[in-house]
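Report on the structure
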Amino acid sequence: MDLTHFIFDVDGDGIATVLMDRAGEAMNTFSPETGEDLVVILNRLEQDDAIRGVVIGSAKPDNFLAGADIRWFATLVDPAEAEAAMQAAQDGFGRLEALHLRRGKPVVAAIHGACLGGGLELALACGARVSSDDEKRTQLGQPEVQLGLLPGGGGTQRLPRLIGIASALDLILTGRPVRPRKALKLGLVDAVVPRSGLLEAARTRALQLLHPPPPEPQTLTERLNAYLNPAALQTVVLERNPIGRRVLFAQAEKAMLKETKGNYPAPPAALECVRVGVEKGMAAGLAAEQAAFGRLVVSPESKALRSIFFATQELKRDPGIATDAEARDISRVGVLGGGLMGGGIAAVNTTRAGVSSIIKEVDQAGVDRGIGYVQKVVDGQVKRRRMQKADAWLAMQRQVTATTDYRDLTDVELVIEAVFEDLDLKRSVLAETEEVTASGTIFATNTSSIPISDIARGAARPANVVGMHYFSPVEKMPLLEVIVTDQTADWVTATVVAFGKRQGKTVIVVNDGTGFYTTRIIGPYSAEVMYLLKDGATIEEIDGAMVQWGFPVGPVTLSDEVGIDVGAKIGKILENAFGERMEAPPAFGALTADDRRGRKNGRGFYRYEDGVKAGVDESVYAVLGVTPRPGTISRQEIQDRLSLQMINEAARCLGEGILRSARDGDIGAVMGLGFPPFRGGPFRWVDELGADTIVERLRELAKVHGDRFAPAPRLAEMADKGESFY
Ligand code: NAI
């Protein structure tokens with residue numbers, strides 16, 4: 001057979017081994033070309049009587065099949081074309097299924113590494129599935145909803161039939177993958193074996209299925225136990241009768257709406273396909289899947305989510321500089337300050353980058369706090385089986401140390417500073433670091449608002465100074481904003497960008513300026529909250545409106561979480577740099593005067609009972625000198641005023657050269673600040689609505705509320721010329 005993307009072989013027992021091996025790519029993905037090969041293979045499997053069984057695996061070292069090639073989705077501009085493509089995929093998988101269901105040829109999937117989307121759909125069409133026990137690399141899932149799509153190759157049909165409706169909905173509606181142990185528990189795979197024996201185990205399984213032993217008679221206790229198992233009970237009580245199913249779908253729908261706020265069309269569409277399949281049969285379900293896929297693939301939400309995916313992929317390859325300066329190797333990192341951020345940075349040095357950290361603190365309590373933070377993160381990794389217990393112990397012994405003495409930092413290649421947010425302090429720790437380290441040591445600051453060039457002023461080696469702005473909690477948040485001054489050397493930038501990637505971060509590089517990008521665009525957004533309160537909006541209305549708009553938390557909650565005192569301090573810095581635009585009404589100061597610091601001291605805009613957020617603290621309005629008048633400002637107006645402040649400031653950052661590209665601005669806002677992913681980021685969202693529409697709305701708002709809504713020059717220019725960012 002003439003195959004480009006597969007390796008095909010038949011052994012003496014008549015078991016065909018089909019290994020996917022997409023030409024020219026490290027990752028197996030589906031595309032029309034691989035589909036053509038698959039048809040050739042299916043013809044052979046169906047027609048060749050010498051073939052008695054099939055094993056499907058991968059020739060790649062670390063992935064099975066990651067799903068459809070996402071680049072190909074962009075070429076599907078017409079829903080009908082997309083439907084036809086899904087029809088072809090469904091036909092292929094249907095033929096694979098018929099091999100074992102109708103032709104008596106067992107088909108076994110041998111899964112190691114990513115088995116996602118179309119990859120899992122292929123595995124589902126097989127008669128059995130064996131997976132490697134690699135909890136780190138092997139993942140099975142239907143992540144389509146995360147790209148605004150749904151499984152269009154039969155996933156919404158075969159998954160519920162295999163593992164039950166409730167578990168299938170969980171996988172399909174969240175897009176979250178499962179690891180081998182969980183997959184076995186769900187019944188998604190039949191066996192989990194060491195990677196080295198995977199293909200052989202699948203082959204043996206295929207042979208066993210050719211001659212299945214007669215079923216062993218079950219004892220009464222065994223049968224009873226099977227029913228008493230809670231999962232089995234749920235299946236019997238809920239999934240096998242129509243009323244139970246209605247309850248189940250209603251529950252799933254409620255949970256989904258709570259997550260998506262109705263902003264994401266894919267999950268409800270997927271839910272509907274599952275429902276149709278269960279109630280009306282597989283053929284109807286498959287037809288529903290095709291139609292829904294066709295609609296979703298051309299939706300703005302899917303386009304936005306895919307653009308974020310691509311931008312993330314692009315950034316993985318982006319060295320962060322325009323020259324060919326080389327990144328230097330980093331093996332030992334000094335971390336100044338072992339607080340919330342320093343602890344988190346040292347933790348990802350260990351768990352992700354695999355480099356040594358030495359935490360420098362002021363006293364033993366600080367040392368213990370820093371080490372304790374890393375230990376907590378490492379323990380979590382062990383608990384979730386991302387790290388072996390012995391490796392974790394070794395890493396803590398060998399890679400994580402702490403000191404109160406600068407002299408212990410002499411041999412580090414990179415120092416990341418996360419001491420208090422105070423310019424004088426930051427300058428003094430920089431000077432102290434320069435004194436003990438070599439001329440090639442990089443000094444990176446994790447300041448959240450102070451211009452890097454202010455910190456670097458007076459430095460002995462300003463070319464080595466750079467910003468590495470992490471987000472809290474460091475071990476969870478995906479973004480790193482690298483900030484370069486006009487003195488930062490290119491090799492320094494290249495080195496910290498490469499190092500950030502090793503820490504598992506998506507890295508954007510921005511130019512220096514007060515608040516850089518991410519902190520700066522929060523400035524006018526936060527200030528606007530205060531204007532809204534002054535104008536009568538309630539805290540519930542403000543937070544509710546923005547959560548509905550798609551942010552994970554509202555701006556008032558965010559302020560309590562970050563700390564009102566921290567916000568006030570940053571607000572002042574921004575206001576000094578940018579003036580009126582960032583200026584909150586003066587009453588804001590009253591909050592800090594009233595010792596309201598937010599969640600951390602249990603006094604903020606909200607009340608906290610034993611650390612748990614418990615409703616708005618109504619007394620805060622009097623402190624601010626405002627009167628809440630519910631219903632005075634519409635939800636739409638709240639959303640417009642807040643979102644446009646952030647978007648307009650983002651456009652200024654691009655216009656002023658703080659940002660290198662709209663792409664970086666979108667990634668920074670989505671990954672650092674929780675800007676709604678289905679809108680694709682501030683720039684993608686401007687493109688979606690049209691710069692002219694945005695500018696018109698800003699001008700209307702400026703008429704009523706003043707110059708703080710004046711359109712950014714870059715936006716106004718684009719509206720005039722009818723241009724777009726992408
Ligand atoms: P933190 O208060 O939790 O930790 C600061 C630590 O620095 C303390 O443990 C303190 O003992 C230590 N420290 C103070 N002076 C020191 C010195 N001379 N040498 C060594 N250690 C010293 O503060 P956090 O939240 O970790 O913030 C640190 C920095 O990170 C600040 O610049 C902050 O603006 C920035 N940042 C904070 C974010 C957050 O969400 N908390 C997000 C991004 C940046």
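Numbers given to residues run from 1 along each chain, matching the order in which its sequence is written. The predicted nature of this model means local features are confined to residues of pLDDT at least 70 and side-chain atom pairs, given and counted, to a pLDDT of 80 or more, with totals for whole chains, interfaces and linings taken over all residues. With hydrogens and water excluded, all non-hydrogen atoms of the structure serve as input to the side-chain values.

**Details of the sheet that holds strand S3 (residues 53-58)**
The condition is simple: Two strands pair if DSSP finds at least two bridges between them. Secondary structure is summarised from DSSP: a helix means a run of H or I of at least four residues, a strand means a run of E of at least two, and numbering begins at the N terminus for each. Here an axis means a line fitted to C-alpha atoms, over the contact stretch when the element is a helix, while the angle between two N-to-C directions is reported on a 0 to 180 degree scale. Contact between two residues is taken to exist if any of their heavy atoms lie within 4.5 Å; hydrogens are not considered.
Spatially, S1-S2-S3-S5-S7-S9 is the arrangement adopted by the six strands of the open sheet, whose pairing is mixed. Only two strands of the sheet have a single partner each, and these edge strands are strand S1 (6-10) and strand S9 (191-193). Along the sheet, successive strands turn relative to each other by an average axial angle of 20 degrees, direction set aside. Where S3 and strand S5 (residues 107-111) come together, three bridges link them in parallel fashion. Note that in S5 the partner of Val-54 across the bridge is Val-107. The sheet strands contacting helix H1 (residues 32-47) are S1, strand S2 (15-20) and S3, and the helix crosses S1 at an angle near 10 degrees.

**Remarks on a nonpolar patch on the surface**
Formally: Like charges within 9 Å and nonpolar side chains (Val, Leu, Ile, Met, Phe, Trp, Tyr) within 5 Å are joined into patches, using only residues over 30% in relative accessible area that form no salt bridge. Here the accessible surface of atoms and residues is derived via Shrake-Rupley with a 1.4 Å probe, and residues count as covered only by protein chains that are part of the display. What counts as a salt bridge is simple: a side-chain nitrogen of Lys or Arg found within 4 Å of a carboxyl oxygen of Asp or Glu.
Nonpolar side chains collect at one region of the surface, where Val-553, Leu-558 and Val-562 lie side by side and expose about 200 Å² of accessible area between them. Of note, Val-562 is situated in helix H23 (residues 555-562).

**Section: the site of the ligand**
The following threshold applies: When we say a residue is near a molecule or strand, we mean one of its heavy atoms is within 4 Å of it. Nitrogen and oxygen atoms within 3.5 Å of one another constitute a polar contact, given that in protein one can donate a hydrogen and the other can accept it, and given that sequence-neighbouring residues count only through two side-chain atoms. Note on residue categories: nonpolar means Ala, Val, Leu, Ile, Met, Phe, Trp, Tyr, Cys or Pro, charged means Asp, Glu, Lys or Arg, and polar means any other residue, Gly included.
Near the ligand, the surroundings consist of 21 residues, among which Glu-361, Arg-369, Glu-421, Lys-426 and Ser-448 are the closest. The separation between a nitrogen atom of the ligand and a polar main-chain atom of Gly-337 is 3.5 Å. Glu-421 has a polar side-chain atom sitting 2.5 Å from an oxygen atom of the ligand. Out of a free accessible area of 830 Å², the ligand has 80% covered by protein chains. Mapped by element, the contributors of at least two residues to the shell around the ligand are helix H15 (340-353), helix H18 (423-436) and strand S15 (465-470). For the shell around the ligand, the element with the most residues is H18, which contributes three residues. Residues that form the shell around the ligand fall into these classes: nine nonpolar, seven polar and five charged.

**Overview of the packing of helix H14 (residues 300-317) against helix H28 (residues 662-673)**
Short version of the rule: What sets the label is the angle itself: under 35 degrees gives roughly parallel, over 145 gives roughly antiparallel, 65 to 115 gives roughly perpendicular, and the rest give oblique.
Contact geometry for H14 and H28: axes closest at 10 Å, N-to-C directions at 110 degrees. Overall, the two elements H14 and H28 adopt an arrangement that is roughly perpendicular. Contact residues: Ile-308, Ala-311, Thr-312, Glu-314 and Leu-315 in H14; Arg-663, Asp-664, Ile-667, Val-670 and Met-671 in H28.

**Re the nonpolar core**
In plain terms, the rule: Here the nonpolar core consists of buried residues drawn from Ala, Val, Leu, Ile, Met, Phe, Trp, Tyr and Cys, with membership extended through side-chain atoms lying within 4.5 Å. Exposed residues in this analysis have more than 50% of their type's maximum accessible area, buried residues have under 20%, and partly exposed residues fall in between, with area computed by a 1.4 Å probe over protein chains only. An automatic or database domain assignment is the source of the domain bounds shown.
Counting 87 residues, the largest nonpolar core has Tyr-517, Leu-533, Ile-539, Phe-605 and Leu-715 as the members making the most contacts within it. Looking at which element gives the most residues to this core, the answer is helix H27 (residues 635-655), with nine residues. When residues of this core are sorted by domain, at least three fall in each of domain 2 (332-513) and domain 3 (531-590 + 629-721). Leaving out residues up to four positions away in the same chain, Phe-605 has contacts with Met-530, Leu-533, Ile-539, Val-556, Ser-559, Asp-560, Ile-564, Leu-591, Val-616, Asp-617, Val-620 and Leu-624. In this structure, Phe-6, Leu-96, Ile-111 and Phe-249 belong to the second largest nonpolar core, which totals 69 residues.

**A short note on the packing of aromatic side chains**
The geometry of an aromatic ring pair is captured by two quantities: the separation of the ring centres and the angle between the planes. What counts, and what does not: Classification of ring pairs uses Phe, Tyr and Trp, with its six-membered ring standing for Trp, and accepts pairs whose centres are within 6.5 Å; under 30 degrees between planes counts as stacked, over 60 as edge-to-face, and the remaining range as tilted.
Here the structure, examined in full by the defined rule, presents eleven aromatic pairs. On the basis of an interplanar angle of 90 degrees and a centroid distance of 5.5 Å, the ring pair of Trp-549 and Phe-675 is categorised as edge-to-face. Taken as a pair, Trp-549 in helix H22 (residues 539-549) and Phe-675 in the loop between H28 and helix H29 (682-689) lie far apart in primary sequence, 126 residues in all. Its relative accessible area of 0% is what places Phe-675 among the buried residues. Members of the aromatic cluster, each reached through a chain of ring pairs, are Tyr-525, Trp-549, Phe-551, Phe-675 and Trp-685.

**A word on the pairing of strand S14 (residues 442-445)**
Neither face of S14 is open: one carries Ile-442 and Ala-444, the other Phe-443 and Thr-445, and all of them are buried. Judged from the four bridges that link them, strand S13 (residues 414-417) and S14 form a sheet pairing that is parallel. Looking at the pairing, Leu-414 lines up with Ile-442 of S14. As judged from the three bridges shared by S14 and S15, these two strands associate in the parallel manner. Residue pairing in the sheet places Phe-443 in a bridge with Val-465 of S15.

**Details of the domain arrangement of the protein chain**
Entries for the protein chain in the domain assignment read domain 1 (6-220 + 252-298), domain 2 (332-513) and domain 3 (531-590 + 629-721). A straight line from the C-alpha centre of domain 1 to that of domain 3 covers 43 Å.

**Side note on the pairing of S13**
Spelled out, the test is: By the criterion used throughout, a crossover qualifies as right-handed when its path from the first strand across the helix to the second strand runs clockwise, the strands pointing away from the viewer.
On S13, burial covers both faces: Leu-414 and Ile-416 on one face and Val-415 and Glu-417 on the other are all buried. The β-α-β motif built from S13, the intervening H18 and the parallel element S14 has right-handed crossover chirality.

**Points about the side chain of Gln-645**
The topology assignment puts Gln-645 in helix H27. Beyond its immediate stretch of four places on either side in the chain, Gln-645 contacts Pro-524, Tyr-525, Glu-528, Arg-708 and Phe-709.

**Here's the deal with the environment of Ser-131**
Looking at the secondary structure, you find Ser-131 in strand S7 (residues 128-132). Exposure remark for Ser-131: the relative accessible area of 0% places this residue in the buried category. For the pair formed by Ser-131 and Gln-218, sequence separation is 87 residues and the distance between their alpha carbons is 27 Å.

**Some thoughts on empty space enclosed by the protein**
Here is the rule: Buriedness for pockets is judged along seven lines, at least five of which must meet protein on both sides within 12 Å for an open set on the 1 Å grid over protein atoms alone, while cavities are sets there where a 1.4 Å probe fits but cannot get out, and lining residues have an atom within 4 Å of a point. Grid points are joined across faces, edges and corners, and a volume is the space filled by probe spheres set on the points.
In the structure shown here, the tally under the stated rule is two cavities of 30 Å³ or more. Of the voids in this model, the largest cavity is the one considered here, and its volume is about 50 Å³. Together, His-5, Phe-6, Met-20, Asp-21, Arg-22, Asn-28, Thr-29, Phe-30, Thr-34 and Leu-65 line the largest cavity. Classifying every residue of the lining of the largest cavity by side-chain character gives four nonpolar, four polar and two charged. Counted as a void, the second largest cavity has a volume near 40 Å³. In this structure, the second largest cavity is lined by Thr-433, Glu-434, Thr-437, Thr-441, Ile-442, Phe-443, Arg-461, Asn-464 and Val-465. For the lining of the second largest cavity, the secondary-structure elements that each account for two or more residues are H18 and S14.

**Quick notes on the sheet that holds strand S11 (residues 356-360)**
Here eight strands make up an open sheet; going across it, the order is S12-S11-S10-S13-S14-S15-S16-S17 and the pairing mixed. Every other strand in the sheet has two partners, leaving strand S12 (400-403) and strand S17 (506-511) as the edge strands with one partner each. Across the sheet, the axes of successive neighbouring strands diverge by a mean angle of 25 degrees, strand direction being ignored.

**Let's talk about the pattern of salt bridges**
Under the definition given, this model contains 47 salt bridges. For Glu-253, the salt bridge identified is with Arg-275, shortest N-O distance 3.9 Å. One end of the pair, Glu-253, is in helix H11 (residues 242-260); the other, Arg-275, is in helix H12 (residues 266-280), with 22 residues separating them in the sequence. Given the relative accessible area of 30%, Glu-253 is considered partly exposed.

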